[in-house]
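Spelled out from the first residue to the last, the chains are:
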Amino acid sequence: MSEDSKFFLKDSDVPKQWYNLVADLKEPMSPPLHPGTKQPIGPDDLAPLFPMELIMQEVSQDRYIDIPKPVQEAYSRWRCTPLVRARALEKALDTPARIYYKYEGASPSGSHKPNTALAQAFYNKEAGIKKIATETGAGQWGTALSYAGAVFGIEIQVFMVKVSFNQKPYRKAIIESYGGSVVASPSELTNSGKAILAKDPNNSGSLGIAISEAVEVAATNDDTKYALGSVLNHVLMHQSIIGQEALLQMEMADDYPDIVVGCTGGGSNFSGLCNPFLGKKFRGEQDVHAIAVEPSSCPSLTKGTYSYDFGDTMKSTPLMKMHTLGSDFMPSPTHVGGLRYHGMAPMLSHLVHHGHVEPRAYGQKECLEAGIQFARTEGIMPAPEATHAIKGAVDEALKCKAEGKSKSILFNLCGHGHFDMQAYMDYFSGNLAEDSFDTKAFEESLSAIPAVN
Ligand SMILES: *Cc1c(COP(=O)(O)O)cnc(C)c1O
């Protein structure tokens, strides 16, 4: 075991290939289906939304895909990100466990999102696209894609979930500083937005609605494509550089994680860290226990059904086999905007379904408390989303203490919380809303899931 606490890599260690877990899966994944015919879609069905290079990555079975040089160069502006042993947190918990975190908040926009934003903007630019429309929950994705648009010269239009837009006024300023434009969703800019506002002028928005608006803009404009910040295979693959670096850094630490933990909104930061470790497990090289943590107010993995469902509220996307609360489900407006999605990455759902990943749900208050303990020990203010991973890691460390075991725990600190301080303000003023999960709305939403098979 290394005496050191921080493990830094060199620029030359920035991964030159993305890792695709699909190549190492034991059981094959279910393909996306056309919403009309219910038959598997082909690359041409996705062509109005994505450039062909990304579509080919989406269906690729290759274990590794080369990262283009301009994307590698952009990565090396901040990568590799640090891996840190949380010794102060270990001490505060009085645990025999060794806790490590991979710090993706060290990126320009403060989260793991630029890892895929830069790749997606690059391939769109190569394909001659002028503009990308997208959704954003907490604002991290809209921010990262706006930065990527600035790097590769593409216009970015962001639809930001209204409740977050109002909670996080600084997000607009950052997005505009990077050259992007942003509106609160549902908006008057699209037919989808107008239809939802006509029914409910006070609709607080959801990722499902914002996706519908962005997809509509891309589908109805020739020079515009759509980009998704999570969920899809190619996004999870772009994020694999997190875990690939962590493998090298754990080697420097002369340790290997028994447990890997990440929070899950759409599944990309969790998969980015954990998939390279799960690949080693599936290839019979090294075992690992993976834990995916979601909010109890939006519990797709722990309460949702594993079914074919739409990715958006207007039911316009292909059907994906995933854990879902139903595309009509409106999660209660908590502070974990990035985790308020009704569905989940099909690849992660597949892993959970086959018992390779343990899903867990926690309330936002207990997570923020774990985040505050982390801030008081390690010094970093975590994003509210990231506090779910911290809570998962802390619980495992306390279990080690109770059982007198010394395990190694690695979690993804996927972002800092400097633009999410309203969550902490509400916590300290006692105004944090209780987590709620509307069981009746959930059951209605479930019954609206299309029958396939
Ligand atoms: C977007 C985001 C998430 C949720 O998305 P995943 O695809 O599940 O990673 C979590 N944390 C932060 C900081 C984010 O920006």
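Whatever comes next refers back to the structure up there.
The paragraphs below set out a description of the structure included in this document. (Residues numbered from 1 in each chain as written. Predicted model: local features only at pLDDT ≥ 70, side-chain atom pairs only at ≥ 80, totals over all residues. Heavy atoms only, no water.)

**Observations concerning the overall build of the protein chain**
So the rule is basically this: Numbered from the N terminus, helices here are DSSP runs of H or I no shorter than four residues, and strands are runs of E no shorter than two. We call a residue buried when its accessible area falls under 20% of the maximum for its residue type, exposed when it is over 50%, and partly exposed in between, using a 1.4 Å probe and counting protein chains only. Contact criterion: two residues are considered in contact whenever any of their non-hydrogen atoms come within 4.5 Å of each other. Values of accessible area rely on a 1.4 Å probe in the Shrake-Rupley scheme; residue burial ignores everything except the protein chains shown. When charges are counted, Lys and Arg contribute as positive and Asp and Glu as negative, whereas His and the chain ends are disregarded. Taken as the charge location is NZ of Lys, CZ of Arg, CG of Asp or CD of Glu.
From N to C terminus, the protein chain includes 19 helices and 15 strands. For the protein chain, the C-alpha atoms occupy an extent of roughly 60 × 50 × 45 Å along the three principal directions. For the protein chain, buried positions account for 63% of its 453 residues. Considering only contacts within the protein chain whose residues lie at least 6 apart along the sequence, 78% involve residues at least 24 apart. Accessible area of the protein chain: about 16600 Å², with a carbon and sulfur share of 50%. If you average the places of the 41 positive and of the 52 negative side-chain charges in the protein chain, the two averages end up 2 Å apart.

**Side note on the sheet that holds strand β9 (residues 224–227)**
Within a sheet, adjacent strands bond to each other through the backbone by hydrogen bonds, running parallel or antiparallel. Put simply, the rule reads: Strand pairing is assigned whenever DSSP detects at least two bridges linking the two strands. Axis definition: a line fitted to C-alpha atoms, over the contacting stretch in the case of helices. Angles run 0 to 180 degrees between N-to-C directions.
The four strands are arranged β8-β7-β6-β9 in an open sheet whose pairing can be described as parallel. The sheet is open, and its two edges are formed by β8 (181–185) and β9, each paired on a single side. Sheet twist, expressed as the average angle between the axes of neighbouring strands with direction ignored, equals 25°. Strand direction decides the pairing type here: strand β7 (residues 155–161) and β8, joined by five bridges, are parallel. In the sheet register, Gln157 faces β8, and the bridge partner there is Ser181. Strands in contact with helix α6 (residues 140–152) are β6 (131–136), β7 and β9; relative to β6, the strand with the most contacts, it is inclined by about 160°.

**Examining the packing of helix α16 (residues 364–378) against helix α17 (residues 386–403)**
Defined as follows: Angle categories: roughly parallel below 35 degrees, roughly antiparallel above 145, roughly perpendicular from 65 to 115, and oblique for all the rest. Three residue categories are used. Nonpolar comprises Ala, Val, Leu, Ile, Met, Phe, Trp, Tyr, Cys and Pro, charged comprises Asp, Glu, Lys and Arg, and polar comprises the others, including Gly.
Where α16 contacts α17, the axes come no closer than 8 Å and their chain directions differ by 80°. One way to sum up the angle between α16 and α17 is to call them roughly perpendicular. Two secondary-structure elements touch here, α16 through Glu366, Cys367, Leu368, Ala370, Gly371 and Phe374 and α17 through Thr387, His388, Ile390 and Lys391. Considering only residue class, the contact of α16 with α17 consists of five nonpolar, three polar and two charged.

**Considering the nonpolar core**
Inside soluble globular proteins, nonpolar side chains tend to come together where they are buried. Defined as follows: We call a set of buried Ala, Val, Leu, Ile, Met, Phe, Trp, Tyr and Cys residues a nonpolar core when their side-chain atoms join them within 4.5 Å.
Trp18, Val71, Tyr75, Leu118 and Leu145 are the most contacted members of the largest nonpolar core, which totals 33 residues. Secondary structure elements with two or more residues in this core: α3 (69–75), α5 (114–126), α6 and β7. Excluding residues that lie within four positions of it along the chain, Leu118 makes contacts with Val71, Ala74, Tyr75, Trp78, Tyr147, Ala148, Val151 and Phe152.

**A closer look at the sheet that holds strand β11 (residues 289–295)**
Judged by pairing direction, the sheet is mixed, and its seven strands sit side by side in the order β1-β4-β5-β15-β10-β11-β14 without closing on themselves. If you trace the sheet from one side to the other, it starts and ends with β1 (6–7) and β14 (357–362), each paired once.

**As for the environment of Gly153**
Within the secondary structure, Gly153 sits in the loop between α6 and β7. Note on Gly153: relative accessible area 47%, which makes it partly exposed. Along the chain, Gly153 and Lys125 lie 28 residues apart, while their C-alpha atoms are 7.5 Å from each other.

**A look at the pattern of salt bridges**
Any two side chains of opposite charge can pair, so long as their charged atoms come close to each other. Going by this rule: Whenever Lys or Arg places a side-chain nitrogen within 4 Å of a carboxyl oxygen from Asp or Glu, that contact is recorded as a salt bridge.
In the structure shown here, the tally under the stated rule is 22 salt bridges. In this structure, Arg63 engages Asp24 in a salt bridge whose closest nitrogen and oxygen atoms are separated by 2.5 Å. One end of the pair, Arg63, is in the loop between α2 (52–58) and β3 (64–66); the other, Asp24, is in the loop between β2 (17–19) and α1 (43–46), with 39 residues separating them in the sequence. Accessibility expressed as a relative area gives 33% for Arg63, which makes it partly exposed. A salt bridge links Lys405 to Glu403; the shortest N-O distance between them is 3.4 Å. The partly exposed category is assigned to Lys405, whose relative accessible area is 40%. Given a relative accessible area of 44%, Glu403 falls into the partly exposed group. Among the ionic contacts, a cluster of salt bridges with common partners joins Asp24, Arg63, Lys280, Arg283 and Glu285.

**Comments concerning the site of the ligand**
Stated precisely, the cut-off is as follows: The criterion for a residue being near a molecule or strand is simple. One of its heavy atoms has to lie within 4 Å of it. Two N or O atoms form a polar contact when they lie within 3.5 Å of each other; inside protein one atom must be a possible hydrogen donor and the other a possible acceptor, and for residues adjacent in sequence the pair counts only when both atoms belong to side chains.
The full set close to the ligand counts 16 residues, and Lys113, Ser230, Gly265, Ser268 and Asn269 are the nearest of them. Here an oxygen atom of the ligand sits 2.7 Å away from a polar atom, N or O, in the side chain of Lys113. Here an oxygen atom of the ligand sits 2.7 Å away from a polar atom, N or O, in the side chain of Ser268. Contact with the protein chains hides 96% of the accessible area of the ligand, taken as 380 Å² for the molecule alone. Looking at side-chain class alone, the shell around the ligand contains three nonpolar, 11 polar and two charged residues.

**Some details on the side chain of Ser206**
Residue position: Ser206 is located in the loop between α9 (191–199) and α10 (207–219). Ser206 sits in the buried class, given a relative accessible area of 3%. Residues contacting Ser206, with those up to four places away along its chain left out, are Val161, Thr313, Met330 and Pro331.

**Re unusual backbone geometry**
Each neighbour pair has its own omega, and for Arg79 with Cys80 the value is 5°, a cis peptide bond. Tracing the sequence through the fold places Cys80 in the loop between α3 and β4 (83–85). Ser185 connects to Pro186 through a cis peptide bond whose omega is 5°. Counting through the fold element by element, Pro186 comes out in the loop between β8 and α9. Despite not being glycine, Asp94 has its phi angle at roughly 50°, a positive value. Relative to the elements of secondary structure, Asp94 occurs in the loop between α4 (87–93) and β5 (98–103).

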